[in-house]
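Here are the chains, one letter per residue:
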Amino acid sequence: MSAAISKSLESGLAGRQLSFRYDRKLPWLFRGLDISIAPGEAVGLTGPSGAGKSTLAQILAGFIKPLSGSLMFNDKPLPQKGFSPVQYIYQHPQLAVNPRWTGGQIVAEAFQPSEELLDMLEISADWLNRYPHELSGGELQRMAVARALGPETKCLLADELSAMLDPLTQALIWRTLINYKNKGLSLLVISHDRHLMTKVCDRMLPLKRFDQP
């Protein structure tokens, strides 16, 4: 039995007939699944623990290869080299940055962010000279967001990106992302915060465990 959670497969990011499990002795996480995120749309991915939400997001980002199916962006295969139009932000930014780089090197890894973006995220100039261990989790996550929002970024996959942050930092980051969404950025949001999902998402897509009815 396949799961279909698709809105449109013609534009934006689309996964077509995706199937994945970590081991042939384990149940499928999903099989024959279609999912799409249109430009300027925020989609909330819901489901119980173990349903494969983070795995699906990492497949959509190109980090994990599905056992079958394909990834498309604007009806073309997702690029495998260079800066991807699909960016993924981890819950723990420490896992995604080089600990030997300064904040300035981190945010400018793929491009030089605009002053407007740095101002939106309230990134202080002195943070750019600090190393990750000298920054708080909220400060480092803001830098991760700035690094991801490049001029070629069209879709952002947010996997519990604000779960560990204080309310003020959460509000700051989501205000920035919604501002970009209103300009055409697509968002996939994974969160256990139902209130947040209701506020920022245009629609919800339930992902059930494949081994459950």
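Below: a short report on this structure. All values reported here derive from a predicted model rather than from experimental measurement. Residue numbers here run from 1 along each chain, matching the order of that chain's written sequence. Under the rules for a predicted model, residues below a pLDDT of 70 receive no local features and side-chain atom pairs below 80 are neither given nor counted, while totals for whole chains, interfaces and linings still include all residues. Note: side-chain values were computed over all heavy atoms of the structure, leaving out hydrogens and water.

**Quick look at the pattern of salt bridges**
A carboxyl oxygen of Asp or Glu within 4 Å of a side-chain nitrogen of Lys or Arg is what we treat as a salt bridge. Applying the stated criterion across every chain yields a total of 5 salt bridges. Residue R203 pairs with E41 through a salt bridge whose shortest N-O separation is 2.4 Å. In this pair, R203 sits in strand β10 (residues 203–206) while E41 sits in the loop between β3 (30–37) and β4 (42–46), placing the two residues 162 residues apart along the sequence. There is no split in this pair, since R203 and E41 are both buried. Segments assigned H or I by DSSP are reported as helices when at least four residues long, segments assigned E as strands when at least two residues long, and all are numbered from the N terminus. Relative accessibility under 20% of the residue-type maximum defines a buried residue, over 50% an exposed one, and the middle range a partly exposed one, all with a 1.4 Å probe and only protein chains included.

**Points about the packing of helix α4 (residues 137–148) against helix α5 (residues 167–181)**
Interhelical geometry of α4 versus α5 gives an angle of 5° and a closest axis separation of 10 Å. Taken together, the axes of α4 and α5 are roughly parallel relative to one another. Every residue of α5 that contacts α4 at G138, Q141, R142 and V145 is listed here: T169, L172, I173 and L177. When its residues are assigned to classes, the contact of α4 with α5 shows 4 nonpolar, 3 polar and 1 charged. Only C-alpha atoms enter the line fits that serve as axes; for helices the fit covers just the stretch in contact. Angles between N-to-C directions range over 0 to 180 degrees. Angles below 35 degrees are treated as roughly parallel, those above 145 as roughly antiparallel, those between 65 and 115 as roughly perpendicular, and all remaining angles as oblique. Contacts are assigned to residue pairs that have any heavy atoms within 4.5 Å of one another. Basically, the charged four are Asp, Glu, Lys and Arg, the nonpolar ten are Ala, Val, Leu, Ile, Met, Phe, Trp, Tyr, Cys and Pro, and anything else, Gly included, counts as polar.

**A word on the environment of R16**
The topology assignment puts R16 in strand β2 (residues 13–20). With relative accessibility at 22%, the residue R16 sits in the partly exposed group. Separated by 55 residues in the primary sequence, R16 and L71 have C-alpha atoms spaced 6.4 Å apart. Pairs of N or O atoms are called polar contacts if they sit within 3.5 Å, as long as, within protein, a hydrogen donor faces a hydrogen acceptor (for residues adjacent in sequence, only side-chain-to-side-chain pairs). Separated by 2.6 Å, the side chains of R16 and D75 make a polar contact.

**Considerations on helix α1 (residues 53–60)**
Within α1, 6 of the 8 residues are buried, leaving the element largely enclosed by the surrounding structure. By the burial criterion, the buried members of α1 are K53, T55, L56, A57, I59 and L60. Just downstream of α1 lies G62, where phi reads positive at about 90°.

**What to know about the sheet that holds β10**
When DSSP locates at least two bridges between a pair of strands, those strands are taken to pair. Spatially, the 5 strands line up as an open sheet ordered β7-β8-β9-β4-β10, and their pairing is parallel. Where the open sheet ends on each side, the last strands, each with one partner, are β7 (86–89) and β10. Neighbouring strand axes in the sheet, compared pairwise and without regard to direction, differ in orientation by 20° on average. As paired strands, strand β8 (residues 155–159) and strand β9 (residues 186–190) are joined by 5 bridges and run parallel to one another. The residue of β9 that forms the bridge with A158 is V189. Set on the sheet, α4 makes contact with β7 and β8; between it and β7 the angle comes to about 175°.

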